[in-house]
Amino acid sequence: VPTNLTAVNAPAATPVRTGRWRAAAAGLLLGVLASRAAAVELTMWVMPVTTNAQHDVPALIAPWLAQHPGVTVRVTVLDWESGWNKITAAAASRRGPDVLELGTTWMPAIAAMGGLERLSAAQLAEVGNGAPYYAQLWKTTQVFGRPGVYGLPWYADVRAAFYRTDVFRQAGVDPKQAFADWDSFRAALRKINGTMVAGKRVAALAYAGKNDWNVVHTLAPWIWNAGGDVLSADAKHSALDTPQALRAIAFYSSLAVDGLVPANALEKDSDILEGAWVGGDYGVIFSGPWLMRRIFEAPPGVVRANFDVAPYPAGPHGHETFFGGSNLAIFKGSRHKAEAWDLVKYLGGKASQIQLSLLSSMMPARVDAANDPAWTTRHPVYAKLTAIAADGRAYPPIPAWGPLETVYTKHLGQLAELSSGIGDRYTAPAMRALIADTVVEADKVLEEAN
Amino acid sequence: LTAVSEPGLGALAVPARRDGARRRRRFDAFPYLLLAPAALMMVVVNLVPIVQGIRMSMLKLNQYTLSQFMDAPFVGLRNYRGVLFDASNPVHAGMLGALRNTALYSLLVTLCAVAIGLGVALLLNRDFPGKAAARTLLMLPWVVPTYVVGTLWGFMWQRDEGIVNHVLVDVLHLMDHKPFWLIGGNTFFAIVIPTVWRAWPVLMLIFLAALQAVPEELYEAARLDGANAWQRFVNITLPALKPVIVIQVMFQIIDNIYSYNIVAMMFGKGAGYPGEWGDLLMPLLTRQSFSYWRFGEGAAVSFVMMAVMLVVVGLWMRTFRRSMTDEA
């Protein structure tokens, strides 16, 4: 307690006792004020990136906190279903966290709403102007057709074909040949369809139908590999009705029409199908790195010892794959932007991204982290996923992607139903009519943005 | 209480005293004071959102103008015209199909739930061992929240793994093959049956309570007059239950037209579109206005639905007004 305060304020009658009380109170007040001035509490919203994100994310940022003694971080884990509503409400009201995780397709919408802090030239220079990150992911931190970067890629979702090596072996199919192109892929599926392994009949391929969030992400690579796209080059129109896209959609649907995707898969969602693949029901499933976690968290079975990954079968124009994931951004309404940026920069760093990937099985968004032995030597499949990511492709980062994806999912889900053979019969004109309806509705949604 | 001259407050006031010269008019604020908190809550909870909703329905409120919220561009009745008459409007797409499904769904669910509820109430309205336990057990479906009902039945309807087909085909041998319930036309039944399953128990309970209020003497007299069971049901039970049935049918229609949860949980993991035969108005409204970020048009559809519902309820009440007042 500063003694000079006591001397100044002490009345004559009770100089010592009253003076001490006053000094103590003044000191306490100053202490509280000083501590409040120094203490910064950052709030952070994340998605369930690991099975226990509430524990893992604080553990991930613990080294950063150790270097920033005056800062605390309050982590809130949202879920993918309700997270969108919470984030859009925050963006609209300008009241939200300091740092938030956003799915790569969500980011342009929230940025366009004015909800995110645009990174300055100096900040961009600190992260090498995005050079360490996969270029396709770096693209998702921006808004199509506008200048500005609004965050850093945090982790990646890259899609590949997960297949059963034992099923392929038993059916006498060479995986390398099977995933070479579309024709060889169809031929391979025909061969493995119905193979009996350990007393279980294995269906060739699993993909989900109308009750699934992955419909567009699973189909898009086929369209790209046929030389088509999901949007026109200026991102103002749907491109699903181009001959290339229609060719891809016809091929993709034919796998179900031919019975290579069983109809009962089309009534399920990706989550159930991935569980069924891990349980040995299917030979091939297109999925992402999170499936690795699922494989190794499941009770040891025949699949764990007999699986591998391959890139999407090459179409007439290559073998690109869907590239997505999550980015980190600073909320526009943050009152601690400097600290928030420091945290985002830390989490966008190599060491942190490797650590997150080891916790989550999601691929690092940095090229150097994705090629680091800590990731690639963890299991041969991780190295293969890194190789496949070289052909990763993200959607154009348009603000209207959210509504557009709902339109696409609604109609393409119906396409899956059509190809199931239940109800209306699948025909090429019926498929084209459905796609025509999709394009009309999609263009109307895009019109709003133009 | 002192006399007040305002009409309609008779219940709160002693009749005005005439002294021959003039009526004394004295305002008593106390009743209003008692009503004020409730009235204030009604204004805050109901009136403010309704007025705000009406205003929203006349704004171009979408993802690009959301940050302006109530200051978004005013478009008058354009949203109403778009959602009702513009075939190319995304909110309008599929609306006729959803309207057809909703009408059929409401009719079927209401009929089945009332019929089953009434039938079981009649069975329970007699003494037998374990009656209380049976009544409690039969209420269990109603205790399950609609969200859980949708999720559970989503699994139960699965073609190969679901318990419904297992019971129908493997246990009861009622079919020679396992049908799909979640794909194709059967989707309609996949949403109707769980709704009925959850709805009838509460109706049963309400009908049972009403049945127990019917004087037993009426049945005894009818028996003495030689009336059989059917005649007793038609001439005594049904007329006695009519006020309750009329009100419950109205509630069922309202609930079913606004039905959302079961469809959303059963088919909500993608775009929330169950297909041609499973789409109802509320899921359509949610998907094609709010998921498409067309909030102004969504508000417009909501008010159209509210207006239609007011007409339906108004007509219903007008038709059965006497039956409903008989209850009192």
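Residues numbered from 1 in each chain as written. Chains lettered and ligands numbered in written order. Predicted model: local features only at pLDDT ≥ 70, side-chain atom pairs only at ≥ 80, totals over all residues. Heavy atoms only, no water.

Novice: Describe the overall build of chain B, with residues and values.
Specialist: Across its full length, chain B holds 14 helices and zero strands. In sequence order, chain B lays out its α and β elements as α-α-α-α-α-α-α-α-α-α-α-α-α-α. By residue count, 41% of the 328 residues in chain B fall in the buried class. Considering only contacts in chain B between residues 6 or more positions apart, those separated by 24 or more positions represent 64%. The averaged location of the 20 negative side-chain charges in chain B is 11 Å from the averaged location of its 27 positive side-chain charges. (Helix = DSSP H or I, 4+ residues; strand = E, 2+ residues; numbered from the N terminus. Buried < 20%, exposed > 50% of the residue type's maximum accessible area, 1.4 Å probe, protein only. Contact = heavy atoms within 4.5 Å. Lys, Arg positive; Asp, Glu negative; His and termini not counted. Charge placed at Lys NZ, Arg CZ, Asp CG, Glu CD.)

Novice: Just give me the short version of the side chain of Thr88 of chain A, but keep the residues and values in it.
Specialist: Inspection of the secondary structure assignment puts Thr88 of chain A in helix 4 (residues 80-93). Given the relative accessible area of 9%, Thr88 of chain A is considered buried. A polar contact of 3.0 Å, which involves the side chain of Thr88 of chain A, links it to the backbone oxygen of Asn85 of chain A. Discounting residues that sit within four places of it in the chain, Thr88 of chain A has contacts with Ile110 and Met113 of chain A together with Trp293 of chain B. (Polar contact = N/O pair within 3.5 Å; in protein donor to acceptor, adjacent residues only side chain to side chain.)

Novice: Any details on the pairing of strand 4 (residues 151-158) of chain A? Residues and values, ideally.
Specialist: Residues and elements named next belong to chain A. Among the eight residues that make up strand 4, eight are buried, leaving the element largely enclosed by the rest of the structure. Sheet topology places strand 4 next to strand 10 (residues 321-330); seven bridges connect them, and they run antiparallel. Residue pairing across strands places Ala156 opposite Gly325, the latter belonging to strand 10. Two elements, strand 4 and strand 11 (residues 363-364), share two bridges in a ladder whose sense is antiparallel. Bridging from a neighbouring strand, Ala156 pairs with Met363 of strand 11. (Pairing = 2+ DSSP bridges.)

Novice: Describe the packing of aromatic side chains, listing the residues and the values that go with them.
Specialist: Inspection of the entire model under this criterion finds 37 aromatic pairs over all chains. With a centroid separation of 5.1 Å and 50° between ring planes, the pair formed by Trp84 of chain A and Trp293 of chain B is classed as tilted. Remark: Trp293 of chain B occurs in the loop between helix 12 (281-291) and helix 13 (295-319) and Trp84 of chain A occurs in helix 4; the pair is interchain, linking two chains. Between Trp153 of chain B and Trp197 of chain B the ring centres are 5.8 Å apart and the planes differ by 65°, which places this aromatic pair in the edge-to-face class. Remark: Trp197 of chain B occurs in helix 8 (residues 187-211) and Trp153 of chain B occurs in helix 6 (residues 146-156); sequence separation between them is 44 residues. Given the relative accessible area of 9%, Trp153 of chain B is considered buried. A network of ring pairs unites the aromatic residues Tyr163, Phe168, Phe179, Trp182, Phe185, Tyr207, Trp222, Phe251, Tyr252, Phe286 and Tyr312 of chain A as a single cluster. (Phe/Tyr/Trp six-rings, centres within 6.5 Å; stacked < 30°, edge-to-face > 60°.)

Novice: How would you explain unusual backbone geometry if you had to name every residue and give the values?
Specialist: Note: most peptide bonds trans; most residues except glycine with negative phi. Located in the positive-phi region is Ser361 of chain A, a residue other than glycine, with phi close to 75°. Tracing the chain through its elements places Ser361 of chain A in the loop between helix 16 (350-360) and strand 11. Notably, Trp293 of chain B is not glycine yet its phi reads approximately 60°, a positive angle. Using a relative accessible area of 3% as the deciding quantity, one classes Trp293 of chain B as buried.

Novice: Tell me what's going on with the sheet that holds strand 7 (residues 200-206) of chain A, and back it up with residues and numbers.
Specialist: All names here are of chain A. Read from one edge to the other, the open sheet built from five strands follows the order 6-7-8-5-9, with strand pairing classed as mixed. Of all strands in the sheet, those bounded by a partner on one side alone are strand 6 (195-197) and strand 9 (307-310). Taken pair by pair, the neighbouring strands of this sheet meet at an average axis angle of 35°, ignoring direction. The sheet contact formed by strand 7 and strand 8 (residues 282-287) spans three bridges and is parallel. Residue pairing in the sheet places Ala203 in a bridge with Tyr282 of strand 8. Of the strands in this sheet, strand 5 (160-164), strand 7, strand 8 and strand 9 are in contact with helix 13 (residues 270-278), which crosses strand 8 at around 135°. Here helix 19 (residues 380-389) sits on the sheet in contact with strand 5 and strand 9, set at roughly 10° to strand 9. (Axes fitted to C-alpha atoms, helices over the stretch in contact; angles between N-to-C directions.)

Novice: I'd like a rundown of the pattern of salt bridges, residues and numbers included.
Specialist: Residues and elements named next belong to chain A. Following the criterion strictly, the structure yields 27 salt bridges over all chains and no others. Between Glu126 and Lys345 there is a salt bridge, and its shortest N-O distance comes to 2.4 Å. Pair noted here: Glu126 is in helix 6 (residues 121-126) and Lys345 is in helix 15 (residues 337-347), with a separation of 219 residues, a long-range link. With relative accessibility at 45%, the residue Glu126 sits in the partly exposed group. Measuring nitrogen to oxygen at the nearest pair gives 3.0 Å for the salt bridge that ties Asp368 to Arg366. On the accessibility criterion, Asp368 (30% relative accessible area) is partly exposed. Linked by salt bridges that have partners in common, Glu126, Asp342 and Lys345 make up one network. (Salt bridge = Lys/Arg side-chain N within 4 Å of Asp/Glu carboxyl O.)

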